[in-house]
Amino acid sequence: MAGDLEESLAVPSGFELSLHEVIYETRQDNSDVARFRYVMPIIGQEGITFDDVEPDFLYLCEVHARRALEKAETSVDQIIISLADRETEFGAVSHVATQFFEAYRIENGSCIWEGF
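What follows concerns the overall build of the protein. Scanning the protein from N- to C-terminus turns up 2 helices and 5 strands. The dimensions of the protein, computed from C-alpha atoms along their principal axes, are 40 × 30 × 25 Å. A burial count over the protein gives 38% of its 116 residues as buried. Within the protein, contacts between residues at least 6 apart in sequence are counted, and of these 59% link residues at least 24 apart. Summed over all atoms, the accessible surface of the protein reaches about 6800 Å², with 46% contributed by carbon and sulfur.

Right, let's get into the side chain of Glu102. Note that Glu102 resides in strand S4 (residues 99–107). Buried charge without a salt bridge: Glu102, with Arg105 as the nearest opposite-charge side chain at an N-O distance of 11 Å.

A few words on the confidence of the model for the protein. Interpreting fine coordinate detail is not advised for predicted regions of low pLDDT. For the protein, the mean per-residue pLDDT works out to 90, and 92% of the residues sit at or above 70. Note that pLDDT drops below 50 for residues 1–5; the model gives that stretch 12 contacts with residues more than four away or on any other chain.

Attention shifts here to the environment of Tyr104. Counting through the fold element by element, Tyr104 comes out in strand S4. Each C-alpha atom of the pair Tyr104 and Ala92 lies 23 Å from the other, and the pair is 12 residues apart in sequence. Dropping the residues within four chain positions of it, Tyr104 is found in contact with Phe57, Leu58, Cys61, Asp77, Gln78, Ile79, Ile81, Cys111, Ile112, Trp113 and Glu114. A polar atom in the side chain of Tyr104 sits 3.1 Å from the backbone nitrogen of Leu58.

Conventions we followed
- Residues numbered from 1 in each chain as written.
- Predicted model: local features only at pLDDT ≥ 70, side-chain atom pairs only at ≥ 80, totals over all residues.
- Heavy atoms only, no water.
- Helix = DSSP H or I, 4+ residues; strand = E, 2+ residues; numbered from the N terminus.
- Buried < 20%, exposed > 50% of the residue type's maximum accessible area, 1.4 Å probe, protein only.
- Contact = heavy atoms within 4.5 Å.
- Areas by Shrake-Rupley, 256 points an atom, 1.4 Å probe, with all protein chains shown as cover.
- Lys, Arg positive; Asp, Glu negative; His and termini not counted.
- Salt bridge = Lys/Arg side-chain N within 4 Å of Asp/Glu carboxyl O.
- pLDDT = per-residue confidence, 0-100.
- Polar contact = N/O pair within 3.5 Å; in protein donor to acceptor, adjacent residues only side chain to side chain.

Structure follows, in structure tokens:
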């Protein structure tokens, strides 16, 4: 699946990004989650805020993550999209990385935002 997403990733902000990894997990409540973790180096630069990349989250969910899951015939209860200015180890605290997250549930074939 990752190979399919490593093609040129055009997003509404116009900033460059790449797929770092996809992580699947089943939570204690038995809900399934797919985490699509992207690297967008520009977000670590001065002046770039969450508002500058906010439209990219829904786009990445709809156009990349949801379609990749459909192609892989995999379903999940939630998709979490993360953008970081560098690759980070999942679950490890980094005091130097800039990271933004959004969560979506899939409903009627669309990504529906679920605020944290």
